[in-house]
Structures are given as C-alpha cells and as structure tokens.
Amino acid sequence: MKFGQPSTLPRWAQLTILPALNIFAALLVTGLVTWLIGENPLECLKLLIHGAFGYGEGIGYTLFYTTDFIFTGLAVAAAFHAGLFNIGGEGQAYLAGLGITLTVFAFDKVLPFWVLMPLCLIAAMAFGAAWAYIPAWLQAKRGSHIVVTTIMFNFISYSLMLYLIGHQLIEPGSQNPTTREFGQNAWMPAMQDILAGIGIHIPNTPLNGSFFLALIACVAFYLVVWHSRWGYELRTVGTNEHAARYAGMNVTKIIVLAMCASGALAGLSAVNELLGSTHRMNVLFTNGIGFVGVAVALMGRNHPVGIFLSALLFGALTQGGLDLSFAKPMITREMVLLIEGLVILFCGGLENLFEPILAMFFKRGK
Amino acid sequence: MEQWISLLGSTIRVSTPLVLASLAGLFSERSGVVDIGLEGKMLTSAFASAAAAYVTGNPWLGLMAGMFAAILLSMMHALVSVTYNGNQLISGMAVNTIASGITPVLGLAWFQQGGNSPQLDDVARFQDITLPFADSISRVPVVGPIYSGILSGHCILVYLTFLVVLPVVTWVVYRSRFGLRLRAVGENPHAADTAGISVARVRYLALLCNGMLCGMAGTFLSVYQTGSFIKEMTAGKGFLALAALIFGKWRPAYAMLGCLLFAFADSVQIRLEGVPLPIIGEIPSQFIQVIPYVLTVLLLAGFVGRAVAPKAIGIPFVKSR
C-alpha cells in the first residue's frame, strides 16, 4: 500500500482518532513492560509528564527537542509525499553539521552575525540536500532502491565524519573528538535572550531561535505541498507515478527534488543542535534524531500540524524520559526508544489494523 | 606468515554472525519480504541468549532463548508484512527501534548493570574447540598452519554455520520443494497462488527460518564472542549482513563470500590500526570500515556488476480485490 492512499474514514477521524488510538496502543504496551519490570506505569507517566511540562526548564528542553523532531519529521514527510522512504535523515543531518562547521570555521573571524547566520543555514541545507541527492539520483537513474542506499549512506556518513572530526577538524590539543568552539557571531540566539529583549524572563535552556525557524518550515511545508504547482506534482508522483508520467510530469526531476528538500530539512536540525546548543561539533551529535523523524512523520500523517504535535509528543517523551530515568534508577532513557519503535509499528506498519475496525464503526453510524 | 594465519582465522570468526544473518535475510527476501530488521533481531537475540545463558549456565539454552526471541520479532514482522499488508520497510525499522529500546530496559531491570548483562562464566559460554590432531600436525608445512591455525580453534557455532547451515540452506533454497515455492513466491506471487501455493504460508515459514538464523547470529555475538550482552553490541552488523546479501545477489554461497570479504576487511582494519604502511603511510581505520557500504551502493547502482532483487520484494501480496 502506498502512502497517501485515500482512506475510507472521514478526514477528521483519520487525523484525530487514528493517531490517538495508535499512541494509546504504543503507551499501553510500554506500560505493560514498565509493569513487568516492577514499576508503577501510572506513576511513571505522571513523572514523565511533570518532567516534560511541569517546570520552566523542562518545557524549554521539551521544545528544544521538539525543534529537532519537527525538522526531521518534515524531512521524512517531504519524501513520503513523493512515495519515497527517506531513512537517511540521520546521515543528512550529520553531513549538514559538516557544512555548518566548515562555514563557521571559514568566516566566524570576519563576518558579522547577520551575514554568517544565513550562510550557515544555506550551508546546512545544501550539505543535507547533497547527501540526499546521491541516493535520489541513483534511484531515479540507476534504479537502486533508495532505502538500502540511504541506510548505506548513513553508515558512510558515520565513517566519513568520524574521520573528519577525529583527524581533520579536531580542536588542536584536545583529547576528545570534537571541534573548537564556534565564534559567538555564529550562535543562534538563545530563547531566554530573545525573550529577555521583550521583557519576558525564562530559565536558561538550549531552546533557541531555531524553534521559530521550525514553525516557519511547517507553514512553508504546508504552502508548498498543498498550494503550489510543485507540491501538486509531488503528491501526484507519490500517489501514482504512472499517472504522473502520463500527465507529462518529469518524475525523475520530482523524485530528486523531493529528496533534496527532504535532506535540506533534515539538515536544519543540525542548526538547532550545533548553532543553537553545543556551539561545536561532536561525534554523533545527531544521536538518532533522523530516525525519530520517521515516527514523527508517520504519526503526524505527513501533515505539518500533525508533525508539529507528534514532534511535541516526542520532545516531551525525550525530556520527560530523561527526567524519569533520573527519578527511577530502574528505568533507562532507552524506554523512549521502545515507545518510538511501537509508534512506528502501530502508525506505520500496522496502519491497516485499526482503520478497518473504525471504518466499520463509521459505516454503521450512517 | 603467522600474521596471515591469525588474520584468516579471525576472518572466519568475524564472518560467522554475518553469514548467519545474511542467510536469514536470504529466506525473507527470497520470499518477497524485505528485511531491514536483521540488526534488531540480532540485538534482541544477543540479549535473550546472554540472559538465559547467565541464568541457566548453559549456552545451548541460551541459544534456544536467543532463537525464540528472534522468532518472536520475525513473527511480528510477518504479521505486519503478510497478514496486514503493511509497509515492510517501516515494520523492519520498528523491529530495530523496539530492539534498541527493549534490550537495555529489560537488561537494567534484570541485571542492574547499566543495561548490559553480567559476564558469563566459562561453562555458560560456547568454548573454542581444538580439532583432532591439530597439535600434532601443526608442524607440517602449509597444511599444518592452515588446519590448526585457521580451521581449528573456533566454537561449535562456527562449524555448524559453515558445515551444516550453509549447505542445508543452499540445498533447501535450490533443491527442495519449499525452496522452489519460496523463490516462486518471491518472484511472482500471483503465479504461485494460481498454482495452489499459499503465499502467506510460505512467507510465514520463510520468516520462521529467518528468526532461527538471526537468533543463532545474535547468540554467537553475546554467548561466544564477548561473553556478555553489551548495549547496541550489534553495531551495524545486521546492515552489513544485508549488504553482503545484496553483494551476493541474494544467493547463499555468494552472500557467504561477501560476508568473508567484509569480515576480512574488518580483521585487516583492526590490525592496521596505527600501523604505518610503506609509501601510503597510515590508513585511517574509517577508510576500511566504509568499504562494504560503498561497495553495496556501487553494486546496487550497477556500476560494479548488477544486483537484481527478487521481483516481488516489498510488495504486499493481495490475493484479489
């Protein structure tokens, strides 16, 4: 079954009940596991929610992670709309980090913030897009399967970046494989500084200006996919490639462009991580955010509003899960991975599980 | 000379889990079900087998537990891919993510060692076996070092893999009734269906075999190689096995050659770490690590030979509309 196939459900139910059922099923299984290892699931849930939303720093961290997941979720969704599964967001974000680092190293001594920041954004998007371009080109021109190629490209990016950070970009004299700190003119302004400017004071967190960038990306994604000629072509290719070709669309070009857009979006998550938070590049700074994007896009039904909400959910799970693991020594932060996997399973793999049941229910109502 | 002997010996050892996993992938993919979840199944079975071997003190019970855990995940994959006609790639990714999540969660709860398992006692581990006469003929030129240095001194799983599993899998896939059906279902499920073969049944059976082999692969890692479960210990081996499967064009013997090649590269890389070579100097280990992945990309793109996947791969079989 292809993505974006018309559903038998009313649209509102498809966008509300179905994801709710899916997340409920995922949480139920996780609760069961929690109970099995001898913890009280409800108490854990309470701790998790408090960790994510209960206090200022928690909210800041939640929104910081949300920013990452919005970008990677939109990235996966952009490819999904063209009927492609981009599992390579991780590598694309990693490579985008390289683009940012090279730009900053070249210019942070000479250029002011207002010139350097846009340059960094362009570099992040360009490197992310370039890393997605090769698998896309290989799929469109040489027929190699994009999923396998992007998986291989993830591993290639790990080796490449490990080499570059460890041997070429490493801070001289440092023991850790990390680059030198970026100049202050390359820092994305922190949210506490932005809000302090208008008289609102919030606790210090890594939340930064990239959050607004993510919101802009959501709006732009909506406008491009549903209200532009290019978006129409994108969705046509995703729904029926043959029809698209018959209608005179250049399928090759659209596939390549969709993957490049996907890679560029994934690349922006590196902006949030490097320019917004760490201000230097570490080995494996992506830490799985590209894979979370798959869960986010599946649960958000490839729509920016859904992606924002499910990114928020995963941001909350990440931050709340960290807090939970501090409060409960028996629970590790990998619990979040379990939930993520179950969400991927129920929303993506088993998307046909609840839908026929619901559809029957709706038919009977008529 | 001695270096070559130990290099080839370790190549065989390192390649064993890869061979098992890529044969597992072969069953699944030949039946038309994509399996990017090899990694997760290996990881889960590595955990289950280490846990069982630790509790019972018996490596064979560990192996059973590992196979059982991998089969459970395989059946989940089958449920999604065959029964619910879901997206097989997404299901495979779910398997991987769930495995990365559940193993440390249970590991911490059961053993309180940060998600790893305790080190196994020697009796709970598979031991190296010295083949008969290995000592006495080790001084014979050529044959001696090959026999006692390369072939002898592995654990039982290594011999099982190369002497039993590989021939049996090859025979099953190419010579048995099930194998014929397996390939038919993977190439053209509608034709197979017309001939009275149950596509779903064949695919479920294929995934059962897939789980068993993944279980062996995972067990090899934890109950033999490291002697304990370590978080994320598969470290991409499942994907490496998938790469070898593609490299071998979905054929058992060629997939094994791919695994041996990748394992050889891995063994070379460990030995070259920090050693300067004549003319080119020191090779960063990442350059060698990346070879299998680059090769796979080139192969899939048809720049180096051509790898053509089973025709029906990844497409859910819908009997009628």
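Note that the structure is a prediction, hence the values are computed from the model and not measured. (Residues numbered from 1 in each chain as written. Chains lettered and ligands numbered in written order. Predicted model: local features only at pLDDT ≥ 70, side-chain atom pairs only at ≥ 80, totals over all residues.)

(A) How the structure looks around the overall build of chain B. Along its length, chain B carries 13 helices and four strands. By the compact-globule yardstick of 20 Å for 321 residues, chain B fits well, its C-alpha radius of gyration being 20 Å. By principal-axis analysis of the C-alpha atoms, chain B measures approximately 65 × 50 × 40 Å. Relative to its 321 residues, chain B shows a buried fraction of 53%. Summarising the internal contacts of chain B: among those between residues at least 6 apart in sequence, 75% fall at separations of at least 24. (Helix = DSSP H or I, 4+ residues; strand = E, 2+ residues; numbered from the N terminus. Rg over C-alpha atoms; globule rule 2.2 N^0.38 Å. Buried ≥ 20, exposed ≤ 12 C-beta atoms within 10 Å, placed from the backbone. Contact = placed C-beta atoms within 7 Å.)

(B) Highlighting the overall build of chain A. For chain A, the count of helices and strands is 16 helices and zero strands. The C-alpha atoms of chain A give a radius of gyration of 21 Å, which matches the 21 Å a tight globule of 366 residues would have. If one aligns the C-alpha atoms of chain A with their principal axes, the spans along those axes are about 70 × 55 × 40 Å. Looking at the 366 residues of chain A, the share that counts as buried comes to 52%. In chain A, of all internal contacts separated by at least 6 residues, the share reaching a separation of at least 24 is 76%.

(C) Looking closely at the interface of chain A and chain B. Contacts between the two partners involve 41 residues from chain A, matched on the other side by 38 residues from chain B. Of all elements in the fold, only helix 6 (113–142), helix 7 (146–168), helix 13 (289–299), helix 15 (335–349) and helix 16 (351–365) of chain A reach the threshold of two or more residues within the side of chain A that touches chain B. Sort the elements by how many residues they give to the side of chain A that touches chain B and helix 7 of chain A lands first, with eleven residues.

(D) Focus on the confidence of the model for chain B. The pLDDT averaged across chain B works out to 88; a share of 98% of its residues lies at or above 70. Here the predicted complex scores 0.89 on pTM and 0.88 on ipTM. (pLDDT = per-residue confidence, 0-100.)

(E) Fine view of the packing of helix 9 (residues 210–227) of chain A against helix 12 (residues 251–278) of chain A. All names here are of chain A. Axis separation between helix 9 and helix 12 bottoms out at 10 Å; the angle between their running directions is 165°. Regarding the angle of helix 9 to helix 12, the classification is roughly antiparallel. With respect to the hand of their crossing, helix 9 and helix 12 are arranged in left-handed fashion. Counting all contacts with helix 9, which are made through Ser-210, Leu-213 and Ala-217, the residues of helix 12 involved are Leu-265, Leu-268, Val-271, Asn-272 and Gly-276. (Axes fitted to C-alpha atoms, helices over the stretch in contact; angles between N-to-C directions. Parallel < 35°, antiparallel > 145°, perpendicular 65-115°, else oblique. Left-handed = near helix turned anticlockwise from the far one by under 90°.)

(F) A look at the packing of helix 5 (residues 89–107) of chain A against helix 13 of chain A. Residue and element names in this part refer to chain A. Packing of helix 5 against helix 13 leaves a shortest axis separation of 6 Å and a crossing angle of 135°. Relative to helix 13, the element helix 5 lies oblique. Read as a crossing pair, helix 5 and helix 13 show a hand that is right-handed. Contact residues: Gly-89, Glu-90, Gln-92 and Ala-93 in helix 5; Ile-289, Gly-290, Phe-291 and Gly-293 in helix 13.

(G) Looking closely at the confidence of the model for chain A. Residues and elements named next belong to chain A. Per-chain confidence: chain A averages 88 in pLDDT, with 97% of residues scoring 70 or above. Helix 16 is the least confidently modelled element of chain A, averaging 74 in pLDDT, while helix 9 averages 95, the highest of any element. Low pLDDT, under 50, characterises residues 1–5; the stretch is placed with twelve contacts to residues that sit more than four places away or in other chains.

(H) Representation of the nonpolar core within the structure. In terms of nonpolar packing, the biggest core is built from 216 residues, with A:Leu74, A:Cys120 and A:Ala124 touching the most fellow members. When neighbours within four sequence positions are excluded, A:Leu74 is seen to be in contact with A:Ala217, A:Cys218, A:Phe221, A:Leu265, A:Pro304 and A:Ile307. (Core = buried A, V, L, I, M, F, W, Y, C linked by C-beta atoms within 7 Å.)

(I) Focus on helix 13 of chain A. All names here are of chain A. Counting buried positions over the eleven residues of helix 13 gives eleven, a clear majority of the element. Looking only at helix 13, the buried set comprises Ile-289, Gly-290, Phe-291, Val-292, Gly-293, Val-294, Ala-295, Val-296, Ala-297, Leu-298 and Met-299. Backbone geometry just after helix 13 places Arg-301 at a positive phi near 50°.

(J) Looking closely at the environment of A:Val294. Position of A:Val294 relative to the elements: it lies in helix 13. You can call A:Val294 buried: it has 30 C-beta atoms within 10 Å. Considering only alpha carbons, one finds A:Val294 and A:Ile331, 37 residues apart in sequence, at a separation of 24 Å. The contacts of A:Val294, once residues within four sequence positions are left out, are A:Val76, A:Ile87, A:Ile344 and B:Met93.

(K) Examining the environment of B:Leu26 more closely. Along the chain, B:Leu26 turns up in helix 1 (residues 2–30). What makes B:Leu26 buried here is the crowd of 28 C-beta atoms within 10 Å.

(L) Focus on the environment of A:Met281. Residues and elements named next belong to chain A. Its location among the elements puts Met-281 in the loop between helix 12 and helix 13. Separated by 68 residues in the primary sequence, Met-281 and Gly-349 place their C-alpha atoms 35 Å from one another. Once residues lying within four places of it in the same chain are set aside, the contact partners of Met-281 are Gly-97, Thr-101, Ile-165, Leu-169, Thr-178, Thr-179 and Leu-274.

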